[in-house]
Amino acid sequence: MPKRYWLFKSEPSAYSLEDLERDTSTFWDGIRNYQVRNSFRDDVQRGDAVLFYHSSCKVPAAVGLAKVIGLAEPDPTQFDAKAKYYDAGSKRDDPRWLGVTIEFVSRFPRPVPLEELKSDERFDTMLLVQRGQRLSVQPVEKAHFDAIVKMGGKATKKS
DNA sequence: GCCAACGTTGGC
DNA sequence: GCCAACGTTGGC
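By convention here, each chain's residues receive numbers from 1 onward along its written sequence. For naming, the first written chain is A and the first written ligand is 1, with later ones following in the order written. Per-residue local features of the predicted model are confined to residues with pLDDT of at least 70, and side-chain atom pairs are confined, for both listing and counting, to 80 or more; whole-chain, interface and lining totals are unaffected and use all residues. Only hydrogens and water are set aside when side-chain values are computed; all heavy atoms of the structure are taken into account.

Asks: Looking at this model, I keep getting lost on the protein's contact with DNA strand B. Mind explaining?
Replies: Nearness is judged by heavy atoms alone; a residue qualifies as near a molecule or strand once a single heavy atom is within 4 Å of it. Taken together, Tyr-34, Arg-131, Gly-132 and Arg-134 make up the full set of residues adjacent to DNA strand B. Each atom of DNA strand B within 4 Å of the protein was assigned to sugar, phosphate or base; sugar and phosphate come to 72%. Here the term charged refers only to Asp, Glu, Lys and Arg, the term nonpolar to Ala, Val, Leu, Ile, Met, Phe, Trp, Tyr, Cys and Pro, and the term polar to all other amino acids, Gly among them. When its residues are assigned to classes, the surface near DNA strand B shows 1 nonpolar, 1 polar and 2 charged.

Next comes the structure, spelled out in structure tokens:
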């Protein structure tokens with residue numbers, strides 16, 4: 001199976017790339033969207049590349065890279081009645097929500113703002129710049145991924 | 001903080 | 001199974 005490319009959105013006030021760098025790796029929990037759940041379940045593989053994107057902040061931008069190191073597993077927060085993401089309708093023997101584990105790879109020397117992607121026609125077909133598009137984990141085409149990595153000032157790592 | 005776009009819920 | 005109401009996302 002060829003390596004896939006993803007974009008993970010996060011509000012830096014909640015969990016930033018700096019947080020990931022400090023933690024080295026993290027379990028991506030709190031996803032409560034069926035499309036993303038299905039991507040986690042069916043498509044995300046170990047070794048897939050992740051563009052880390054900061055949303056809902058002063059300058060929304062792709063800020064660096066991560067990679068998938070752990071396949072989908074049940075998200076424990078769905079069973080925790082005190083958690084923000086508690087889901088009373090999810091059963092332990094049939095968990096509704098999944099998360100994956102990602103690891104820090106690098107921070108771009110130069111973040112790539114959403115605005116730049118919007119003004120560059122190469123990215124016209126990229127999901128991220130589509131109107132009303134809200135998926136917090138989305139597939140990215142290799143060409144888009146590579147172009148953004150280049151704009152961020154770091155060559156794509158061979159792996 | 002506004003609001004457009006979207007997903008989900010629930011009444012019928 | 002339709003669709004209005006509601007909640008959330010996320011750029012601006």
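Here the narrative resumes.
Asks: What should I look at first to understand the sheet that holds strand 6 (residues 137-139) in this one?
Replies: Either a parallel or an antiparallel arrangement is found when strands of a sheet pair, and the pairing is made through backbone hydrogen bonds. Two strands are said to pair when DSSP picks up at least two bridges between them. In this description a helix means any DSSP run of H or I spanning at least four residues, a strand means any run of E spanning at least two, and both kinds are numbered starting from the N terminus. Strands sit in the order 2-5-4-3-1-6 across an open sheet of 6 strands; the sheet is mixed. At either end of the open sheet lies a strand with only one pairing partner, and these are strand 2 (25-28) and strand 6. With direction set aside, neighbouring strand axes in the sheet form an average angle of 35°. As defined by bridge partners, strand 2 adjoins strand 5 (residues 98-113) across 4 bridges and the pair is classed as antiparallel. From the neighbouring strand, Ser-25 faces strand 5, where its bridge partner is Glu-103. Note on method: axes are straight lines fitted to C-alpha atoms, helices fitted across the in-contact stretch only, with angles between N-to-C directions ranging 0 to 180 degrees.

Asks: What is the right way to read the protein's contact with DNA strand C from this model?
Replies: DNA strand C sits among Lys-9, Tyr-53, Ser-55, Ser-56, Pro-60, Leu-114, Lys-118 and Arg-134. Atoms of DNA strand C within 4 Å of the protein: sugar and phosphate make up 75%, bases the balance. For DNA strand C, a phosphate oxygen lies 2.8 Å from a polar atom in the side chain of Lys-9. The definition of a polar contact used here is a pair of N or O atoms within 3.5 Å, where within protein one atom must be able to donate a hydrogen and the other to accept one, and adjacent residues in sequence count solely through side-chain atom pairs. In the environment of DNA strand C, a base oxygen lies 2.6 Å from a nitrogen or oxygen atom belonging to the side chain of Arg-134. The residue makeup of the surface near DNA strand C, split by class, is 3 nonpolar, 2 polar and 3 charged.

Asks: Would you take a moment to explain the pairing of strand 3 (residues 49-54) for this structure?
Replies: Consecutive side chains along a regular strand alternate between the two faces of the sheet. Only protein chains enter the accessibility calculation, which uses a 1.4 Å probe; a residue whose area is less than 20% of its type maximum is buried, one above 50% is exposed, and one in between is partly exposed. Along strand 3, 6 of the 6 residues are buried, which leaves the element largely enclosed by surrounding structure. Covered by surrounding structure in strand 3 are Ala-49, Leu-51 and Tyr-53 together with Val-50, Phe-52 and His-54, the residues of both alternating faces. Where strand 1 (residues 5-10) and strand 3 come together, 6 bridges link them in parallel fashion. Across the sheet, residue Leu-7 finds its bridge partner in strand 3, namely Leu-51. Of the pairings in the sheet, the one linking strand 3 to strand 4 (residues 61-74) comprises 6 bridges and is antiparallel in character. If you follow Leu-51 over to strand 4, its bridge partner there is Leu-65. Counted between consecutive antiparallel strands, the loop separating strand 3 from strand 4 contains 6 residues, among which Ser-56 sits at a positive phi close to 50°.

Asks: Quick question: what am I supposed to make of helix 4 (residues 142-151) here?
Replies: What sets the pattern is the α-helix's 3.6 residues per turn: residues three or four places apart point alike. When helix 4 is considered as a whole, its buried residues turn out to be His-144, Phe-145, Ala-147, Ile-148, Val-149 and Met-151. Here, two residues are considered to be in contact whenever any of their heavy atoms come within 4.5 Å of each other. If you follow the buried residues of helix 4, they end up packed against strand 1, strand 3, strand 4, strand 5 and helix 3 (114-118). Phi turns positive one or two residues past the end of helix 4, at Gly-153, with a value near 95°.

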